[in-house]
Amino acid sequence: MAGLAAANYFVKNGMEDFIILEARNRIGGRIISIPMKNHKVELGANWIHGVLGNPIFEIATANGLVNIINIPKPHKVIAATEDGKQVPFGVLQEIHEAYVCFLRRCEEYFLCQYLPPPDINSVGEHINLEATIYLERLPSSEEKKLRRLIFDCLLKRETCISGCNNMDDIDLLELGSYTELQGGNIMIPSGYSAILEPLKKLIAPEKILSNHPVKKVIWDSEQHTSTRQIDDMGEESEDSDQTVIEDISRANSVNTNNPEVTAPLTETPQKPKKKLFHSVEVICENGQSFYANHVICTIPLGVLKDNANTMFEPALPRYKMESIDRLLFSAVDKIFLEYERPFLNPDITEIMLLWETPSCPEDLAQSWYKKIYSFSKVTETLLLGWVSGKEAEYMETLSMDEVAVTCTKILRKFLNDPFIPEPQTCVCTSWKKQPYTRGSYTAIAVGASQSDIESLAQPLFKNVHDKKPTLLFAGEHTHSSFYSTVHGAYLSGQTAARRLLAPDDTPESTLDCPGTADLNTWIQGVQLG
């Protein structure tokens, strides 16, 4: 999305000297849908998060992809324990309201000056402390236990929202750095992938080179070879004013495909050899090289964590590498179960699974499925479960059939019904395993901060006096308030492109400074609105 946004901004502003190097054999990265037997399912991005000020919602509306009037469907959640007993709805509602209150309090630390209790550094620690205090007032240990199970289930759900293994991983003081846009979560009826069509229609097909994963970015060729004069590159482009957009996007694909990158180049083997100077050389895994003046790197954080130390020449500055290391990029996976016919009560939309808290650590092989906090209905014959962190990584090693068998056992257990059918089809995502994503989305770990995201977004200049940066960064991991979202990725790509197209000579803003004698008069003359 970041690469497509940058490319669209270039085209709309009359700059078409670019190429998108796409690592996979498709565009979209972590936006991908696939057909099941009777449904089309989204493996990656699911919702447009908010309406007001959301460019993705604006694109969707302009292209007739969403209804402007969004009537939410009735949502009836039930919660069940392992012995198949349903929790009274009043208890579920009570704990949910308390939990939301505790979470909002965590978000306040980012904006306020007061400090949390001593030794409380994470969201998980803070919510667990509040839950313990809240439950102390209850006389019955059974009442306490049941309500604690609901708190635990809601914390598991939060790991899938935040993108982490455990809420103890998320920094308490930084939780409020994420800005939530108003308007709720909107689904695109035809699938999130429909948003890609309007974004690619302005880009000439030959500008998107798929199956071009990038191996190395040599971004300061002067430093690399003292002066890079290409006089033996007759087969390379002679265009000297090029921009590369690397869009190695994050995708949720059942079959691993190749990542995406964007770079402008025209191959001209017949033209005579000519000495050229380029700031950047981008080398792909297939051995092809592309030469450019600028690169926008939209490689996901998970891939940067794995490869940044060898991918860039010269190496990225230490502050950038440290920020890459500090931020979280965990696995969040989906499990889709498709059935031949409906079997759940039509009024029920979600079953929350209240797993017993283990008394001692369990082996992942025997317990991974206990991280699945609920199954929700996508349609009457399609259920969706979410799983995060280490348990998601373990699930990625299993076959779809094994996951289907396990999920059937879970449903039979919690619904207390041995005749729950097995699904016709099971599809699981594998975001951590995907070589061009290596995880799902960015979160701020304990010890990291919003400034780490700002450090990642910082463009790099080849020379201190250069007007334009050589190496720019975009993607959801570079947006300091909309990280983890598609609109964050879109806005970051647009920002990078705007920076490259900005006029070289921006008029300096000057402030008339009155003499000290006149200062008092000047201040008195300032009108405060």
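Residues numbered from 1 in each chain as written. Predicted model: local features only at pLDDT ≥ 70, side-chain atom pairs only at ≥ 80, totals over all residues. Heavy atoms only, no water.

Asker: Would you explain the packing of helix H8 (residues 301-311) against helix H9 (residues 318-326) in this entry?
Answerer: In a packed pair of helices, the relevant descriptors are the angle between the two axes and the axis-to-axis distance. Two elements in contact, H8 and H9, have axes whose closest approach is 9 Å; the angle formed by their N-to-C orientations is 130 degrees. One way to sum up the angle between H8 and H9 is to call them oblique. Regarding H8 and H9, the two cross each other, and that crossing is left-handed. Residue-level contacts link Leu301, Leu304, Lys305, Ala308 and Asn309 of H8 to Met321, Ile324 and Asp325 of H9. Classifying every residue of the contact of H8 with H9 by side-chain character gives five nonpolar, one polar and two charged. (Axes fitted to C-alpha atoms, helices over the stretch in contact; angles between N-to-C directions. Helix = DSSP H or I, 4+ residues; strand = E, 2+ residues; numbered from the N terminus. Parallel < 35°, antiparallel > 145°, perpendicular 65-115°, else oblique. Left-handed = near helix turned anticlockwise from the far one by under 90°. Contact = heavy atoms within 4.5 Å. Nonpolar A, V, L, I, M, F, W, Y, C, P; charged D, E, K, R; others polar.)

Asker: Even after reading the chapter, I still don't get the environment of Phe336, so can you show me in this structure?
Answerer: Structurally, Phe336 is set in strand E17 (residues 332-338). Separated by 48 residues in sequence, Phe336 and Leu384 place their C-alpha atoms 4.7 Å apart. Not counting chain neighbours up to four residues away, the residues in contact with Phe336 comprise Met36, Val41, Glu42, Leu43, Val378, Leu382, Leu383, Leu384, Thr425, Cys426 and Val427.

Asker: Help me out: how do you make sense of the sheet that holds strand E12 (residues 280-284) in this one?
Answerer: The strands that make up a sheet are held in pairs by hydrogen bonds between backbone atoms, and each pair lies either parallel or antiparallel. Taken in spatial order, the four strands line up as E13-E12-E8-E15 in an open sheet, and their pairing is mixed. The open sheet has two edge strands with one neighbour each: strand E13 (289-292) and strand E15 (312-313). The pairing of strand E8 (residues 214-218) with E15 spans two bridges and is parallel. Bridge pairing in E15 places Ile218 opposite Glu313. (Pairing = 2+ DSSP bridges.)

Asker: Just to check I follow, could you spell out the environment of Arg499 for this structure?
Answerer: Among the structural elements, Arg499 can be located in helix H14 (residues 486-501). Between the C-alpha atom of Arg499 and that of Pro459, which follows or precedes it by 40 residues, the distance is 9.7 Å. Non-local contacts of Arg499, meaning those with residues more than four positions away in its chain, are made with Pro459, Phe461, Lys468, Pro469 and Leu472.

Asker: Would you mind going over unusual backbone geometry with me for this structure?
Answerer: Glycine aside, the phi torsion of most residues is negative, and most peptide linkages are trans. Across the junction of Glu313 and Pro314, the peptide omega takes the value -5 degrees, indicating a cis bond. Position of Pro314 among the secondary structure elements: in the loop between E15 and H9. One non-glycine residue, Asn416, adopts positive backbone phi at about 55 degrees. Counting through the fold element by element, Asn416 comes out in the loop between helix H12 (400-414) and strand E21 (425-428). Exposure remark for Asn416: the relative accessible area of 56% places this residue in the exposed category. We note that Arg438 has phi near 60 degrees; this positive angle belongs to a residue other than glycine. Looking at the element boundaries, Arg438 is found in the loop between E21 and strand E22 (441-443). A relative accessible area of 25% places Arg438 in the partly exposed class. (Buried < 20%, exposed > 50% of the residue type's maximum accessible area, 1.4 Å probe, protein only.)

Asker: Can you help me understand the sheet that holds E17 in this one?
Answerer: Judged by pairing direction, the sheet is mixed, and its six strands sit side by side in the order E5-E18-E19-E20-E17-E21 without closing on themselves. Each end of this open sheet is capped by a strand with a single partner; those strands are strand E5 (77-81) and E21. With direction set aside, neighbouring strand axes in the sheet form an average angle of 20 degrees. Contacting E5, E17, strand E18 (350-354), strand E19 (374-379), strand E20 (382-388) and E21, H12 crosses the sheet at an angle of about 105 degrees to E21.

Asker: In this structure, what is going on with the confidence of the model for the protein? I would like to understand it.
Answerer: For any part of a model where pLDDT is low, the fine detail of the predicted coordinates should not be relied upon. Of the residues in the protein, 84% reach a pLDDT of 70 or more, and the chain-wide mean stands at 88. Residue range residues 263-275 is modelled with pLDDT below 50. Its contacts to residues more than four positions away, or to other chains, number 46 contacts. (pLDDT = per-residue confidence, 0-100.)

Asker: Just to check I follow, could you spell out the nonpolar core for this structure?
Answerer: Nonpolar side chains in soluble globular proteins tend to end up buried together. Formed by 48 residues in total, the largest nonpolar core has its most connected members in Val123, Ile127, Ile150, Phe151 and Phe336. When contributions to this core are tallied by element, the ones reaching two or more residues are E5, helix H3 (89-111), helix H4 (123-136), helix H5 (141-162), E17, E18, E20 and E22. Broken down by element, the residue count for this core peaks at nine residues, all from H3. Beyond its immediate sequence surroundings of up to four residues, Val123 is in contact with Leu103, Cys106, Met167, Ile170, Asp171, Leu172 and Leu175. Of all hydrophobic cores here, the second largest spans 40 residues; its members include Ala7, Ile20, Val66 and Ile195. (Core = buried A, V, L, I, M, F, W, Y, C linked by side-chain atoms within 4.5 Å.)

Asker: How should the state of the cysteines be read in this particular structure?
Answerer: By definition, a disulfide links the sulfur atoms of two cysteine residues through a covalent bond. According to the stated counting rule, one finds zero disulfides in the structure shown. Sulfur of Cys426: no disulfide; nearest cysteine sulfur belongs to Cys428 and is 3.8 Å away. (Disulfide = S-S within 2.5 Å.)

Asker: When you look at the packing of aromatic side chains in this model, what are you seeing that I'm missing?
Answerer: Counted according to the given criterion, the structure contains 12 aromatic pairs. Measuring from ring centre to ring centre gives 4.7 Å for Tyr339 and Phe343, while their planes differ by 70 degrees; the resulting arrangement is edge-to-face. The exposure class of Tyr339 is buried, given its relative accessible area of 2%. Look at Trp368 and Tyr369: their rings are 6.0 Å apart centre to centre, the planes differ by 80 degrees, and that puts the pair in the edge-to-face class. For Trp368, a relative accessible area of 2% corresponds to the buried category. Linked through ring pairs, Trp355, Trp368, Tyr369 and Phe414 together constitute an aromatic cluster. (Phe/Tyr/Trp six-rings, centres within 6.5 Å; stacked < 30°, edge-to-face > 60°.)

Asker: Before we go on, may I ask you to explain the packing of helix H2 (residues 55-62) against H14 in this structure?
Answerer: Between H2 and H14, the shortest axis-to-axis distance is 8 Å and the interhelical angle comes to 95 degrees. Here H2 lies roughly perpendicular to H14, going by the angle between them. Note on element contacts: H14 touches H2 through Val486, His487, Tyr490 and Leu491, opposite Pro55, Ile56 and Ile59. Here the residues of the contact of H2 with H14 are counted per class, giving six nonpolar, one polar and no charged.

Asker: Would you mind showing me how to read helix H1 (residues 2-12) here?
Answerer: One turn of the α-helix equals 3.6 residues, which is why residues spaced by three or four share an orientation. A large share of H1 lies buried, amounting to 10 of its 11 residues. Listing the buried residues of H1 in full gives Ala2, Gly3, Leu4, Ala5, Ala6, Ala7, Asn8, Tyr9, Phe10 and Val11. Backbone geometry just after H1 places Gly14 at a positive phi near 80 degrees.

Asker: Quick question: what am I supposed to make of the pattern of salt bridges here?
Answerer: A side chain with one charge may pair with a side chain of the opposite charge, provided their charged atoms come close. Going through the model one piece at a time under the given rule, you end up with 17 salt bridges. In this structure, the salt-bridge partner of Asp83 is Lys85, at a minimum N-O distance of 3.9 Å. One salt bridge in this structure joins Glu391 and Lys371, with 2.8 Å as the shortest N-O distance. Separated by 20 residues along the polypeptide, Glu391 in helix H11 (residues 389-395) and Lys371 in the loop between helix H10 (364-367) and E19 bring together distant segments of the chain. Glu391 gets classed as buried once you look at its relative accessible area, which sits at 17%. Here Lys371 falls in the buried class, since its relative accessible area comes to 8%. Taken together, the shared-partner salt bridges connect Glu94, Arg137 and Arg147 into one network. (Salt bridge = Lys/Arg side-chain N within 4 Å of Asp/Glu carboxyl O.)

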